[in-house]
Amino acid sequence: MTGGVSLQSIFAWVWNELARATCEPQHPFRFPVISTTSTSHGSNARIVVLRRAEELTHSLEFYTDLRSEKIGELKSDPRITWVFWDPSIQVQLRIRSTVTIHSDDPLANDRWRTCPTSSRVIFLTDWASGTSTGDEESPPPPLWPGRMITGEESERGRPHFAVVRCELNYVDFYEIAAEGQRRACFQWINDRWSSGWMSP
Ligand SMILES: Cc1cc2nc3c(=O)[nH]c(=O)nc-3n(C[C@H](O)[C@H](O)[C@H](O)COP(=O)(O)O)c2cc1C
């Protein structure tokens, strides 16, 4: 699946697939799990949508609510591990990164501008992500007012919008194959990637 067995070709394949996942809704790498450090219970993990993958800056991005628990966790410990899995080709990627949070700067403005209205809806809630609504009888009202919101209405969500930009420092590629598992690692050291094979 990688089109070759050299470390170089695997790394090129990884970046190509990550970039594809940002624009192909059905790509399995579009919905990775990210884990953070939690002060209350050691670690925390959840699915996000991969929004950007740039090989040149070796960075990944996702969007989130500035009020969410993960933002608090990242302010205490700016490290994220990403896990991607493509069952059709039996490939797992584990990626380590360090984040910067962008909410009120040109980068966040740029991503908000190109964020589709349908994706902005989630940022319009009055309740911070994860807080109790205080009503045990019924769930909160639907996010959508029975129709698609307009671009103008969606601007109300801007204060809650954050871009988490993650600078990668370690990529672990693991492939399950009939002839045996293959594992390779790529590490960002002294401003360059170094790579090697590992026992799976
Ligand atoms: C398919 C899928 C995609 C999701 N995408 C995002 C996302 O891009 N950003 C995000 O903050 N939460 C996303 N979520 C919700 C998170 O998994 C999580 O429940 C929420 O962000 C609260 O996490 P936290 O309490 O750890 O901050 C997604 C959930 C699913 C099931």
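Residues numbered from 1 in each chain as written. Predicted model: local features only at pLDDT ≥ 70, side-chain atom pairs only at ≥ 80, totals over all residues. Heavy atoms only, no water.

Peer 1: Got a sec to walk through the pairing of strand E8 (residues 182-189)? Specific residues and values, please.
Peer 2: A regular strand carries its side chains on alternate faces of the sheet. Here strand E7 (residues 161-175) runs beside E8; their pairing, made up of six bridges, is antiparallel. Pairing of Glu175 across the sheet is with Arg182, part of E8. Connecting E7 to the antiparallel partner E8 that follows it, the hairpin turn spans six residues, and Gly180 within it adopts a positive phi of roughly 125°. Across seven bridges, the pairing between E8 and strand E9 (residues 192-198) is antiparallel. (Pairing = 2+ DSSP bridges. Helix = DSSP H or I, 4+ residues; strand = E, 2+ residues; numbered from the N terminus.)

Peer 1: Lay out the state of the cysteines in plain terms, naming residues and giving numbers.
Peer 2: One pass over the structure, following the stated rule, counts zero disulfides. Here Cys23 is not disulfide-linked; the sulfur of Cys115 is the nearest cysteine sulfur, at 15 Å. For Cys23, a relative accessible area of 59% gives the class exposed. Exposure remark for Cys115: the relative accessible area of 4% places this residue in the buried category. (Disulfide = S-S within 2.5 Å. Buried < 20%, exposed > 50% of the residue type's maximum accessible area, 1.4 Å probe, protein only.)

Peer 1: Describe in detail the nonpolar core, supporting the description with residues and values.
Peer 2: The nonpolar side chains of a soluble globular protein tend to be buried with one another. Leu18, Leu60, Ile80, Trp82, Phe84, Phe173 and Phe186 are the most contacted members of the largest nonpolar core, which totals 33 residues. Counting residues per element, this core draws most heavily on helix H1 (residues 7-21), at eight residues. Judged by nonpolar contacts, the second largest core, of eight residues, contains Leu107, Ala108, Phe123 and Val163. (Core = buried A, V, L, I, M, F, W, Y, C linked by side-chain atoms within 4.5 Å.)

Peer 1: Just give me the short version of a nonpolar patch on the surface, but keep the residues and values in it.
Peer 2: Together, Phe31, Val33, Ile47 and Val83 make up an exposed nonpolar region whose accessible area comes to about 330 Å². Position of Phe31 relative to the elements: it lies in the loop between H1 and strand E1 (33-38). (Patch = residues over 30% accessible without salt bridge, like charges linked within 9 Å, V, L, I, M, F, W, Y side chains within 5 Å. Areas by Shrake-Rupley, 256 points an atom, 1.4 Å probe, with all protein chains shown as cover. Salt bridge = Lys/Arg side-chain N within 4 Å of Asp/Glu carboxyl O.)

Peer 1: Could you give an account of H1, naming the residues involved and the relevant values?
Peer 2: Compared with the 21 Å implied by 1.5 Å per residue over 15 residues, the 21 Å span of H1 between its first and last C-alpha is a close match. When H1 is considered as a whole, its buried residues turn out to be Leu7, Ser9, Ile10, Phe11, Trp13, Val14, Trp15, Glu17, Leu18 and Ala21. (Expected span 1.5 Å × (residues − 1).)

Peer 1: Go over the environment of Glu136, please, and point to the residues and values.
Peer 2: Take Glu136: it is sitting in the loop between helix H4 (117-120) and helix H5 (151-154). Owing to a relative accessible area of 81%, Glu136 belongs among the exposed residues under this scheme. Between the C-alpha atoms of Glu136 and Ala162, which are 26 residues apart in sequence, the distance is 30 Å.

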